[in-house]
Amino acid sequence: MRVFQGESFWLVRDFKIEPDPNRLFFDPTTKLIYFGYGGQNAGFDAYERVGILRPMPGAGYDQLVADMIAPTPRPGHLAEIAMDDNGLLPACDSRADRIYQFDTQKRELIKSWPARGDGAGDMALDRTQHRLFVGSRTPPEMTVYASVSGKEIQSLPGPETMDGVHYDAKLQRVYMTGGRWYGTPDASPGWVYVYQQEDPDHYELISRIKTRLGSGTSLFVPQFNRLYVASQALGDHAAAILVFEPVK
């Protein structure tokens, strides 16, 4: 795991960790970095880890301060992590199809519960209402959980080969993108599914926006009010970034 200075791209520190690091999350409150790694790709079928890194300002030495262990009932891969307002950190496992809940203050696993469907790999969080939105690939769905208790609230249809779930706190919407190509003979059609939050326990699919084949990976930037969707180069289409503006 490498840490770079953001303006000059100077390499600050190089940490040796177990293989297969994936998602990173920076908590501005504690100024700690959380990242998932280990699991099946690292040769560990029974557990994986969430590492905690403390970046030091100036010329200080960054420190890898702790690991939080996530035991898996079958070989796993931590695909997404987030941070709730109460210091709880949910992590989603796309192979073991489980959701883990860590206490970042005690730095330990509190509990885990099975995710609905297979390939539950991306998620977003409503930190105000404590709702967790998880996308799965088989079947293609968006499932809402209570982020603290793990209770399943609602499940709605989603796009195929999902590869992005985002929560828009301003409009109280969930955006789910699908269409990523994995080398299969036929690529899945690209879509953006839009779900409206009526209240914390009720959601409605209000729009399906067609994009392009191979357009699944995405990023929502609330400061710009933009949803960016990465489109792979397929057939006659060159690689591109598709840009969407959410409206009322």
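Note that this is a predicted model, so its numbers are computed, not measured.

(A) Examining the overall build of the protein more closely. When helices and strands are counted, the protein shows 0 helices and 21 strands. The C-alpha atoms of the protein give a radius of gyration of 18 Å, which matches the 18 Å a tight globule of 248 residues would have. C-alpha extents for the protein along the principal axes are approximately 45 × 40 × 35 Å. Across the 248 residues in the protein, those meeting the buried criterion constitute 48%. For the protein, the share of sequence-separated contacts (at least 6 apart) that also reach a separation of at least 24 residues comes to 39%. For the protein, the accessible surface area stands at approximately 12,300 Å², while carbon and sulfur atoms represent 53% of it.

(B) Spotlight on the environment of Pro71. Considering the arrangement of structural elements, one finds Pro71 in strand β6 (residues 63-71). Exposure remark for Pro71: the relative accessible area of 44% places this residue in the partly exposed category. With near-sequence residues (within four places) excluded, Pro71 lies in contact with Ala46, Tyr47, Tyr100 and Leu109.

(C) Region of the structure containing the sheet that holds strand β10 (residues 108-114). Spatial strand order, β7-β8-β9-β10: 4 strands in an open sheet with antiparallel pairing. Only two strands of the sheet have a single neighbouring strand rather than two, namely β7 (78-81) and β10. Averaged over neighbouring strand pairs, the angle between their axes works out to 25° when direction is ignored. Strand direction decides the pairing type here: strand β9 (residues 98-103) and β10, joined by 6 bridges, are antiparallel. Bridge pairing in β10 places Gln101 opposite Lys111.

(D) Region of interest: the pairing of strand β11 (residues 122-126). The buried count for β11 comes to 5 of 5 residues, which makes it a mostly enclosed element. Neither face of β11 is open: one carries Asp122, Ala124 and Asp126, the other Met123 and Leu125, and all of them are buried. Pairing of β11 with strand β12 (residues 131-137), which is carried by 5 bridges, proceeds in the antiparallel orientation. In the strand pairing of β12, Ala124 is matched with Phe133. The turn joining β11 and β12, which pair antiparallel and follow one another in sequence, is formed by 4 residues; a positive phi near 55° is taken by His130.

(E) Representation of the pattern of salt bridges within the structure. Within the structure shown, the criterion is met by 12 salt bridges. Salt-bridge contacts for Glu80 lead to Arg23; the nearest nitrogen and oxygen are separated by 3.2 Å. Here the residue Glu80 occupies a position in strand β7, and Arg23 occupies one in the loop between β2 (11-14) and β3 (24-27), the gap between them amounting to 57 residues. With relative accessibility at 13%, the residue Glu80 sits in the buried group. Close ionic contact of Asp122 with Arg23 constitutes a salt bridge, the shortest N to O distance being 2.9 Å. Linking Asp122 in strand β11 with Arg23 in the loop between β2 and β3, this pair joins segments that are 99 residues apart in sequence.

(F) Geometry of the side chain of Asp168. When you line up the elements, Asp168 lands in strand β15 (residues 162-168). Arg173 provides the closest opposite charge to the buried, salt-bridge-free Asp168, at an N-O distance of 6.0 Å. Within the local environment of Asp168, its side chain forms a polar contact with the side chain of Tyr175, the two groups lying 2.7 Å apart. Those residues within four positions of Asp168 in sequence are excluded, and the remaining contacts are Arg173, Tyr175, Phe220, Asn225 and Pro246.

(G) Seen up close, the layout of surface pockets. Estimated volume of the largest pocket: approximately 770 Å³. Looking at the largest pocket, it is lined by 29 residues, and the ones nearest its centre are Phe25, Ile81, Met123, Ala124 and His166. Elements supplying a minimum of two residues to the lining of the largest pocket: β3, β7, β11, β15 and β19 (218-221). Tallying contributions element by element places β15 first for the lining of the largest pocket, with 6 residues. Residue classes in the lining of the largest pocket are distributed as 17 nonpolar, 5 polar and 7 charged. The volume enclosed by the second largest pocket comes to roughly 220 Å³.

So, how was this worked out
- Residues numbered from 1 in each chain as written.
- Predicted model: local features only at pLDDT ≥ 70, side-chain atom pairs only at ≥ 80, totals over all residues.
- Heavy atoms only, no water.
- Helix = DSSP H or I, 4+ residues; strand = E, 2+ residues; numbered from the N terminus.
- Rg over C-alpha atoms; globule rule 2.2 N^0.38 Å.
- Buried < 20%, exposed > 50% of the residue type's maximum accessible area, 1.4 Å probe, protein only.
- Contact = heavy atoms within 4.5 Å.
- Areas by Shrake-Rupley, 256 points an atom, 1.4 Å probe, with all protein chains shown as cover.
- Pairing = 2+ DSSP bridges.
- Axes fitted to C-alpha atoms, helices over the stretch in contact; angles between N-to-C directions.
- Salt bridge = Lys/Arg side-chain N within 4 Å of Asp/Glu carboxyl O.
- Lys, Arg positive; Asp, Glu negative; His and termini not counted.
- Polar contact = N/O pair within 3.5 Å; in protein donor to acceptor, adjacent residues only side chain to side chain.
- 1 Å grid on protein atoms, 1.4 Å probe; cavity = no way out; pocket = protein on both sides within 12 Å on 5 of 7 lines; lining within 4 Å.
- Points joined across faces, edges and corners; volume = space filled by probe spheres on them.
- Nonpolar A, V, L, I, M, F, W, Y, C, P; charged D, E, K, R; others polar.

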